[in-house]
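# Structural characterization, general
Residue strings, one per chain:
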Amino acid sequence: MPLNDCNMKGLFIFLLSSTGFFAQQTQAQLFTGLQPGVSKGSSDLFISNFFENENDGGVSGIYAVPDYQCTGFINPSVEIVNYGSNVLSAALIKYTVDSELPQYLAWEGSLETGEADVIEFDQIQVTAGFHQLAVTIIEANGLADINGSNNDGLVDFYIIGSSISVPVSQPFETVILPEGYFVENEDEFGWKMYSQEKELGDNNYMLQMPFFYSVAENIYYAYIKNLNLLNQGSAVLNFDVAYRYYQNSGLINFDKLQVEVSVDCGAFWNVVYDKEKDDLATVPPSGASIYYPVADDEWRTETVNLDNYAGNANVMIRFKATSGHGNNLYIDNLKISSTVGLEEVANAKESMLIYPNPADDLAMIDLPWSSEASGPAIQVYNSSGQLIRQFKGLLESPAMIYTSDLPAGLYLIRLIDQGALKGISKLTVIH
């Protein structure tokens, strides 16, 4: 039977794998992402082992440990199972975070063969960064638990840590992810740092999403260091992207890249950038082989507006890659900066009348309403683009801003309603 295009791509990957290519890639990949928030143990795996030992406890799951979180502590729960023929009435559990000194928990209860119990651990303090929690049953009914095949549980997790202020510039200068950056991959063919030494002969580092090998419909995440935009009235994300999708004799495989933002530590994400296929591609499609960018004109700079997230102290941003089993994508030269200036903003609906202007002790603002309004906010920014005052709640027109304690200079007054810019004007303060 002749090979079609899909067979050919699969054959090409198989040949690469058989020659050790995947092994080399995996070896060079210094991070593979987070494991799921449960242990590697499973009671189903050991049903056949019941009655082999009289006293045999096992760890079947670790729960309540998110893949990532903002708080500096975890409250894990561990499920233990009695795999022995005797009633399990006591167990000694050892647990360790990373390479720290182990802690111990003594459990007492009554579990018949096959029964399970969930134990809630005390709060465990942890620092920012990547961690592993390991849990092991070392004694069952006061005796050493000799069946080591079901004693252990392991879970990886990431603590976000404190946010950083803008501006941020990340050119990716090593094969290691920068501090505060992490990935969440479904398999080994997800986000990773990549060096172009092989193609260009120099250490040109970038973030790579190897769609060429990835499984269609799998989703992979790359998180950047969380941001403090509390004193910013506006912000923008810029990054360079290079991408080519796969096309050969009617077979088309393309992928999707999205940028998502969260202000509640990942409980809810908003999509602020969404591109695929021709909108995402920076070079024409090809069915030749794996794509690597080799020229400057293969890159495009993308701009993502983050104004709706200004004023938040902990803003998380992640790149979401949805595989179509297409071809590789690259991100480089990531920047986040404040865009608030003293120029008029193009999408402002109205300019507010401010008087007197210049002002000494007090300025009045005519709001674009004929009556009282509840919900909007008036924001005052200095010439450096920093938010120095904000008035929320019930606003009447005209609104008053006391300027007697403001240094002389030029200020920007913005009216925000439901996250949108409704009005903007300049104010000069003199004394």
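Residues numbered from 1 in each chain as written. Predicted model: local features only at pLDDT ≥ 70, side-chain atom pairs only at ≥ 80, totals over all residues. Heavy atoms only, no water.

## Observations regarding the packing of aromatic side chains
Spelled out, the test is: Only centres within 6.5 Å qualify two rings of Phe, Tyr or Trp (six-membered ring in Trp) as a pair; their planes then separate them into stacked at under 30 degrees, edge-to-face at over 60, and tilted for everything else. Secondary structure is summarised from DSSP: a helix means a run of H or I of at least four residues, a strand means a run of E of at least two, and numbering begins at the N terminus for each. Exposed residues in this analysis have more than 50% of their type's maximum accessible area, buried residues have under 20%, and partly exposed residues fall in between, with area computed by a 1.4 Å probe over protein chains only. We call a charge positioned above a ring when the Lys NZ or Arg CZ atom is no farther than 6 Å from the ring centre and deviates by at most 35 degrees from the ring normal.
By the definition in use, this model includes 18 aromatic pairs. Between W191 and F319, the ring centres sit 6.3 Å apart and the planes meet at 50°, which makes this aromatic pair tilted. Of this pair, W191 sits in the loop between β14 (182-184) and β15 (192-195) while F319 sits in strand β25 (residues 316-322); the two residues are 128 residues apart in sequence, bridging distant segments of the chain. The exposure class of F319 is buried, given its relative accessible area of 1%. Measuring from centroid to centroid gives 6.0 Å for Y223 and W269, while their planes differ by 65°, and the two rings are edge-to-face. Highlighted residues: Y223 in strand β17 (residues 219-223) and W269 in the loop between β22 (256-262) and β23 (270-276), separated in sequence by 46 residues. A network of ring pairs unites the aromatic residues Y68, Y158, F182, Y221, Y223 and W269 as a single cluster. Positioned over the ring face of W269 is R318, at 3.9 Å from the centre of the ring.

## Side note on the sheet that holds strand β7 (residues 116-120)
Convention followed: Note on pairing: two strands pair once DSSP finds at least 2 bridges between them. Lines fitted to the C-alpha atoms define the axes, with helices restricted to the stretch that makes contact. Angles between their N-to-C directions range from 0 to 180 degrees.
With antiparallel pairing, three strands are arranged side by side in an open sheet as β1-β4-β7. Strands at the two margins of the open sheet, each flanked by one partner only, are β1 (57-63) and β7. Averaged over neighbouring strand pairs, the angle between their axes works out to 25° when direction is ignored. Where β1 lies against strand β4 (residues 77-82), six bridges are found, and the strand directions are antiparallel. By the bridge assignment, Y63 is partnered in β4 with S77.

## Quick word on the pairing of strand β28 (residues 362-366)
As paired elements, strand β27 (residues 353-355) and β28 share three bridges and run antiparallel to each other. Its bridge partner lying in β28, L353 is registered against D366. Between the end of β27 and the start of β28, which pair antiparallel, lie six residues. Pairing geometry for β28 and strand β31 (residues 399-402), over four bridges, is antiparallel. Bridging across to β31, I365 finds its partner in A399.

## As for the state of the cysteines
Simply put, the disulfide is a covalent bond whose two ends are the sulfur atoms of two cysteines. For clarity, the cut-off: Disulfide assignment relies on a single distance test, namely cysteine sulfur atoms paired within 2.5 Å.
This model, assessed by the stated rule, comprises one disulfide. Between C70 and C265 runs a disulfide, and the two sulfur atoms are separated by 2.0 Å. Torsion about the S-S bond of the C70 and C265 cystine: about 110°, corresponding to right-handed handedness. Of this pair, C70 sits in the loop between β2 (68-69) and β3 (73-74) while C265 sits in the loop between β22 and β23; the two residues are 195 residues apart in sequence, bridging distant segments of the chain. Of the residues examined, C70 reaches a relative accessible area of 25% and is grouped as partly exposed.

## Quick notes on the pattern of salt bridges
Where we set the bar: Definition used for salt bridges: Asp or Glu carboxyl oxygen within 4 Å of a side-chain nitrogen of Lys or Arg.
Per the counting criterion, the structure on display carries four salt bridges. As a salt-bridge pair, K275 and E302 come within 2.9 Å of each other at their nearest N and O atoms. Here E302 lies in strand β24 (residues 300-305) and K275 lies in strand β23, a separation of 27 residues in the sequence. Take K275: its relative accessible area is 24%, and that puts it in the partly exposed class. By relative accessible area, E302 is classed as buried at 6%. The closest approach of N and O atoms between R300 and E302, which form a salt bridge, is 3.2 Å. When its relative accessible area of 23% is taken as the criterion, R300 is described as partly exposed.

## Some details on the nonpolar core
Side chains that are nonpolar tend, in soluble globular proteins, to be buried together. What counts here: Nonpolar core, defined: a set of buried Ala, Val, Leu, Ile, Met, Phe, Trp, Tyr and Cys residues in which side-chain atoms within 4.5 Å join the residues together. Only heavy atoms enter the contact rule, under which two residues are in contact if any of them lie within 4.5 Å.
Core analysis: the biggest nonpolar cluster contains 40 residues, and W191, F239, L257, F319 and L329 have the highest contact counts within it. Mapped onto this core, the elements with two or more residues apiece are β16 (205-209), β17, β19 (236-243), β22, β25 and β26 (329-337). The contacts of F319, once residues within four sequence positions are left out, are W191, Y220, Y221, A222, I224, F239, L257, Q258, V259, I331 and L334. Ranked by size, the runner-up nonpolar core spans 25 residues in total, among them I62, I74, A91 and V97.

## Things to note about the pairing of β25
Of all seven residues in β25, six are buried; the element is thus mostly enclosed. Note that β17 and β25 share five bridges and pair antiparallel. Counted as the bridge partner of A222 is F319 from β25.

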